[in-house]
Amino acid sequence: MEIKDLAGINEPLKRLIEVIAEGFGAVSRPYLSKKNAEAKAYEIRVISEAMAESRKLLGGADYEDGKVKMMGSSETPSPILSLPERVANRSEYQELRKQQNIESVCANAAEELANKSEIPEQKPEPEWINHFFDIAEKISTEDLQYWWGRILAGEITKPGSFSLRTLEILKNLSRQEAENFVELGKYVLSEKNKAF
């Protein structure tokens, strides 16, 4: 699908899709669906828990190509995976998690931009986009994904709002530090573009 073919989507959402495409390549509406990412994560958790439980009760189960195979007590479980196979499994799992994290952050940005009607012609810098998605892929908690989605939406509506240094500082804040910062922000006064 071409960006120019996205009829019916407001300009801020089109810009979000352009930024996503530049950040990690894949562009389609399902990437903006938080519910799809949450459903997939839920499915992975349920299958993992069921397999672990079946090993305790029945002697084992295998999961391959979307199918669960229950094994009787006389059957032996799959052989222990080799080191390269374990590396491949770990890498695949980590990449799935990163993708889910990015999609959730982007879904939050889409929600933030849905009611906007205008954006500037200036786009976020490519370095900023790359750096942002490097961080976003590691954001796994729902409330932080919400805030990082707002950061992405803010950068789209006003490029240059969040410097690379700001992203680094925000990335390294603990939850408690972030809550303290939000609380402190309530007491900042501003006058004629000056805050004190």
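Remember, predicted model here, so these are calculated numbers, not experimental data.

Draft legend 1. Molecular detail of the overall build of the protein. Each helix and strand in the protein was counted, giving seven helices and four strands. Secondary structure of the protein in N-to-C order comes out as α-α-β-β-α-α-α-α-α-β-β. Per-residue burial for the protein yields a buried fraction of 27% across its 196 residues. A fraction of 66% describes how many contacts in the protein between residues 6 or more apart in sequence connect residues 24 or more apart. Just so you have it, the protein exposes about 13500 Å², and 54% of that area is on carbon and sulfur atoms.

Draft legend 2. Examining the side chain of Glu 155 more closely. Within the element layout of this structure, Glu 155 appears in helix α5 (residues 142-157). Only 2.7 Å separates the side chain of Glu 155 from the backbone nitrogen of Gly 160, close enough to count as a polar contact. Not counting residues up to four positions away in its chain, the partners in contact with Glu 155 are Pro 124, Trp 128, Gly 160, Ser 161 and Phe 162.

Draft legend 3. Quick peek at the packing of aromatic side chains. All told, the structure shown has four aromatic pairs when counted by the stated rule. Considering the side-chain rings of Phe 132 and Phe 133, the 5.4 Å spacing of their centres and the 85 degrees angle between planes classify their relative orientation as edge-to-face. The class of Phe 132 is buried, set by a relative accessible area of 0%. Look at Tyr 146 and Trp 147: their rings are 5.1 Å apart centre to centre, the planes differ by 75 degrees, and that puts the pair in the edge-to-face class. In this structure Trp 147 comes out as partly exposed when scored by relative accessible area, which is 44%. Through a chain of ring-to-ring contacts, three or more aromatic side chains come together here, namely Trp 128, Phe 132, Phe 133 and Trp 148.

Draft legend 4. The packing of helix α4 (residues 126-136) against α5, seen in detail. Two numbers describe how α4 lies on α5: the axes approach to 11 Å, and their chain directions differ by 170 degrees. Considered as vectors, α4 and α5 are oriented roughly antiparallel to each other. Contacts between α4 and α5 involve Trp 128, Phe 132, Phe 133 and Ile 135 from the first element and Trp 148, Ile 151, Leu 152 and Glu 155 from the second. Taken together, the residues of the contact of α4 with α5 sort by class into seven nonpolar, no polar and one charged.

Draft legend 5. Structural context of helix α3 (residues 83-113). Between its first and last C-alpha, α3 extends 45 Å over 31 residues, near the 45 Å set by a 1.5 Å rise per residue. Three or more residues of α3 are buried, namely Gln 100, Asn 101, Ile 102, Glu 103, Ser 104, Val 105, Cys 106, Ala 107, Asn 108, Ala 109, Ala 110 and Leu 113.

Draft legend 6. Layout of the nonpolar core. By size, the foremost hydrophobic cluster in this structure holds 24 residues, and its most contacted members are Leu 16, Phe 132, Phe 133, Trp 148 and Leu 152. Counting only elements with at least two residues in this core, the list comes to α1 (11-24), α3, α4 and α5.

Draft legend 7. Expanded view of the environment of Leu 81. You can see Leu 81 is positioned in the loop between β2 (67-70) and α3. Among the residues examined, Leu 81 registers a relative accessible area of 36% and is labelled partly exposed. When neighbours within four sequence positions are excluded, Leu 81 is seen to be in contact with Arg 86 and Asn 89.

Draft legend 8. Seen up close, the confidence of the model for the protein. When pLDDT is averaged along the protein, the result is 79; 68% of the residues meet or exceed 70. For residues 1-7, every residue scores under 50 in pLDDT, and the model assigns this stretch nine contacts once sequence neighbours within four places are set aside.

Draft legend 9. Highlighting the packing of α3 against α4. One way to put it is that α3 packs onto α4 with a least axis distance of 8 Å and a crossing angle of 115 degrees. Of the residues in α4, those touching α3 at Asn 101, Ile 102, Val 105 and Cys 106 are Phe 132, Phe 133 and Ala 136. Of the residues that constitute the contact of α3 with α4, the class distribution is six nonpolar, one polar and no charged.

Thresholds, definitions, all that
Residues numbered from 1 in each chain as written. Predicted model: local features only at pLDDT ≥ 70, side-chain atom pairs only at ≥ 80, totals over all residues. Heavy atoms only, no water. Helix = DSSP H or I, 4+ residues; strand = E, 2+ residues; numbered from the N terminus. Buried < 20%, exposed > 50% of the residue type's maximum accessible area, 1.4 Å probe, protein only. Contact = heavy atoms within 4.5 Å. Areas by Shrake-Rupley, 256 points an atom, 1.4 Å probe, with all protein chains shown as cover. Polar contact = N/O pair within 3.5 Å; in protein donor to acceptor, adjacent residues only side chain to side chain. Phe/Tyr/Trp six-rings, centres within 6.5 Å; stacked < 30°, edge-to-face > 60°. Axes fitted to C-alpha atoms, helices over the stretch in contact; angles between N-to-C directions. Parallel < 35°, antiparallel > 145°, perpendicular 65-115°, else oblique. Nonpolar A, V, L, I, M, F, W, Y, C, P; charged D, E, K, R; others polar. Expected span 1.5 Å × (residues − 1). Core = buried A, V, L, I, M, F, W, Y, C linked by side-chain atoms within 4.5 Å. pLDDT = per-residue confidence, 0-100.

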